[in-house]
Each structure stands twice: as structure tokens, then as C-alpha cells.
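The chain contents come next:
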Amino acid sequence: MFAVMGAASNAVGTAFQRKAASTVARGGGLRLLLDLARRPAWLIGIAGVVGAAVFQALALVNGPLALVQPLFILELPFALLIAIPLLHRRLPRAGWWAVAGVVAGLALVLAAAAPSGAQDQASMVRWIPVLVLCLGAVAVAVALARSGRPPLFRAAVLGSASAVSNALTAALLKSATGTLAHSGFDAFLGVWQTYGFALTGVGAILLLENALQAGSLAASQPALTIGDATVSLLLGMSLFGETIRTGWWLVPEAIGAGLILWGVLRLTRVVPHMREVAG
């Protein structure tokens, strides 16, 4: 329940941030954030992101990372439901079928995989390679997204970097909130994961703003949602020993993943051609 509420809140944040980002001049970095901070739509978007973080923390305290983060795929259909009236667009019937495919695919994957796990801490032996790989991937993505690249490519690459940052933030948040739940606020302030998720969370927001401004929501949003879920699943298994069902369960999991992929790819073709609603 908390994860679904977090996905909805994050969708509000994405849609309103997209609306605000479309009104500023091309550019990036901190100057972009300063320009956006003067726009009410962006402030509403940030409120949605903050609300999503609170719901995400509550979800991670109660469930495995491999379950919570994939549910944030629901952010994609939620974001479209919010952005369509916000941006005065109309989604054709093919788009609604794609949304249904994403939701049905996610339900099938989670029902078949049944992610489980009760740990919320990991040793530094596990954290160090995770940090190196995730931060390295983000650095490579930022380098690839330099000015002059096609807008859709830049949006997808920066969206992927934001997805990796989001997944890493979620893993750090799970560890920090686990400390808070078990040992209290003083211990929460004393662990490095608390400051780690704050830093990576800010980085994820900065990458998201640049992804949304670089190109279409159709390029950045699929990278955000699918990338976040995939990396989070891997982090949950590698850091916290979380498990999913294998064997013949891999068949419905693959079918569900295929439905999600089909729905997302279909949306990337349909969304750019949405017609503007008159009046």
C-alpha cells in the first residue's frame, strides 16, 4: 500500500516537474534548478517527490527492496494519467491498452516472483562494489549525455542515470530506516547510509530535472521506471539476500516482463503523438 502511494506521489512530482521544465530555456546543472525553483508547478512537483520518499521509507521498513521498488513501475501509468490533463493532451486507445499491459505485467511478475527477505543491513564487503558500480554507471551516463547529443538520447541516458541513483538511494534508505526502527534516532544519525541516501537522493533529483528538460517524457520515463525496478531487484538480492521464485515460475515472470516491456515501448510511440485538447 505504501509503495503504491509512493508511486502515485512520485508521478505527481514527475508530471509537475515536467510541466515546469518545459517552460525554461535550454540548459542544465544548478542554474536549471534555480530557474525552476521560481515556478509553482516545480514546487508542487518537489512536494510530490518528498511525499514519495516518505511513503517509500514506510514501505521499505515493512517489505523487501525487491518488492517495493518494482511497484514504482506504477509511476508510469500514474504519471500519464496526471500529465495528460495537466499538459492538455488526449491519450488514444492504443495508449490505454499499453497502460493496461504495464499494470497487468507488473501484477504477473510480482505474483510469480513473490520477492521475500527480512534483512535491512549489509556488510561493507557488499556495499563497496555496489557503490563503485552504481556511481560509476551514473558517471558514464552523465559523460554520454553531453551537449550536442540528440534530445531523446540525452533524456533516456539521464533518465537511466537517475534510475540507478534512485535504486541506490532506496537501498541506502532501507538500511538507514532499518537502523532507525531498531536502534532509534541517535543511531540513525550515526550511520553513513543516512547521509548517503541524502546525497544520492539529491543527485537523482538533479539528474531527473535534466532528463525531463533534455527531451520527451516518453524517453525519460520508461528509463526511470524500468531501470529503477531492475537495479533495485539486483541490489536487494546482492545486498540484503532477498530472493525470488525460480524454476517454472520463471515462465510467468518472463511473460509479465514481456508485457511490461511491450507496454512501455508502445507508450514511447504513442505518447509523442498525443493530440492537444482544444480549449
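The structure displayed is predicted, hence computed values, not measured ones.

## Quick look at the overall build of the chain
- Counting its secondary structure elements, the chain contains 12 helices and two strands.
- Shown N-terminal to C-terminal, the secondary structure of the chain runs as helices and strands in the order α-α-α-α-α-β-α-α-α-α-α-α-α-β.
- Here the chain holds 279 residues, and 49% of them are scored as buried.
- A separation threshold of at least 6 residues defines the contact pool for the chain, and within that pool the share at least 24 residues apart is 85%.

## Focus: the side chain of Thr-177
- Here Thr-177 is to be found in helix α8 (residues 151-183).
- On the basis of relative accessibility, which here comes to 7%, the residue Thr-177 falls in the buried class.
- In contact with Thr-177, other than residues within four places in its own chain, are Ala-57, Val-61 and Phe-188.

## A word on the environment of Leu-91
- Along the polypeptide, Leu-91 turns up in the loop between β1 (89-90) and α6 (93-113).
- Using a relative accessible area of 6% as the deciding quantity, one classes Leu-91 as buried.
- Between the alpha carbons of Leu-91 and Leu-81 there is a distance of 9.0 Å; along the sequence they are 10 residues apart.

## Focus: the nonpolar core
- Formed by 56 residues in total, the largest nonpolar core has its most connected members in Trp-127, Leu-235 and Leu-239.
- Of all the elements, α8 adds the most residues to this core, at 12 residues.
- Look past the residues within four positions of Leu-239 in its chain and what remains in contact with it is Gln-121, Ala-122, Arg-126, Trp-127, Val-130 and Ala-171.
- Within the second largest apolar cluster, eight residues are counted, among which are Phe-16, Ala-41, Ala-83 and Leu-86.

## Focus: unusual backbone geometry
- Phi at Ala-114 is positive, roughly 45 degrees, even though this residue is not glycine.
- Summarising the element assignment, Ala-114 is placed in the loop between α6 and α7 (124-144).
- The partly exposed category is assigned to Ala-114, whose relative accessible area is 32%.

## Overview of α8
- Its 33 residues give α8 an end-to-end C-alpha distance of 47 Å, which sits within 8% of 48 Å, the value for a rise of 1.5 Å per residue.
- Of the residues trailing α8, Gly-184 is marked for its positive phi of about 95 degrees.

## Some points on α7
- A rise of 1.5 Å per residue sets the reference length of α7, with its 21 residues, at 30 Å; its end C-alpha atoms lie 30 Å apart and thus fit the reference within 8%.
- The set of residues buried in α7 consists of Trp-127, Val-130, Leu-131, Cys-134, Val-138 and Ala-141. Down the axis of α7, the buried side of the element spans an arc of 110 degrees, and every buried residue falls inside it. Exposed side of α7, more than 90 degrees from the buried face: Val-125, Val-132 and Leu-133 are the residues found there.

## Let's talk about the packing of helix α5 (residues 75-86) against α6
- Here α5 crosses α6 at 150 degrees, and the two axes come no closer than 9 Å. Classed by the angle they form, the pair α5 and α6 counts as roughly antiparallel. The interaxial crossing formed by α5 with α6 has left-handed handedness. Packed against α5, whose contacting residues are Pro-77, Leu-80 and Leu-81, the element α6 presents Trp-96, Val-99, Val-102 and Val-103 at the interface.
- Classifying every residue of the contact of α5 with α6 gives seven nonpolar, no polar and no charged.

## Description of the packing of α8 against helix α10 (residues 192-214)
- Viewed as axis vectors pointing N to C, α8 and α10 meet at an angle of 160 degrees, and their least axial separation amounts to 8 Å. Overall, the two elements α8 and α10 adopt an arrangement that is roughly antiparallel. As α8 runs across α10, the sense of the crossing is left-handed.
- Here the contact of α8 with α10 is built from residues that sort into 15 nonpolar, 12 polar and one charged.

## Observations regarding a nonpolar patch on the surface
- Residues Trp-97, Leu-108, Val-251, Ile-255, Leu-259 and Trp-262 make up a contiguous nonpolar surface patch of roughly 600 Å² in combined accessible area.
- Of all the elements in the fold, those that place two or more residues in the nonpolar patch are α6 and α12 (250-270).
- Residue contributions to the nonpolar patch peak at four residues, all from α12.
- Relative accessible area serves as the criterion here: at 44%, Trp-262 is assigned to the partly exposed category.

Criteria and thresholds
- Residues numbered from 1 in each chain as written.
- Predicted model: local features only at pLDDT ≥ 70, side-chain atom pairs only at ≥ 80, totals over all residues.
- Heavy atoms only, no water.
- Helix = DSSP H or I, 4+ residues; strand = E, 2+ residues; numbered from the N terminus.
- Buried < 20%, exposed > 50% of the residue type's maximum accessible area, 1.4 Å probe, protein only.
- Contact = heavy atoms within 4.5 Å.
- Core = buried A, V, L, I, M, F, W, Y, C linked by side-chain atoms within 4.5 Å.
- Expected span 1.5 Å × (residues − 1).
- Arc of directions from axis to C-beta.
- Axes fitted to C-alpha atoms, helices over the stretch in contact; angles between N-to-C directions.
- Parallel < 35°, antiparallel > 145°, perpendicular 65-115°, else oblique.
- Left-handed = near helix turned anticlockwise from the far one by under 90°.
- Nonpolar A, V, L, I, M, F, W, Y, C, P; charged D, E, K, R; others polar.
- Patch = residues over 30% accessible without salt bridge, like charges linked within 9 Å, V, L, I, M, F, W, Y side chains within 5 Å.
- Areas by Shrake-Rupley, 256 points an atom, 1.4 Å probe, with all protein chains shown as cover.
- Salt bridge = Lys/Arg side-chain N within 4 Å of Asp/Glu carboxyl O.

The quantities given are spatial measurements derived from coordinates; they are silent on function.
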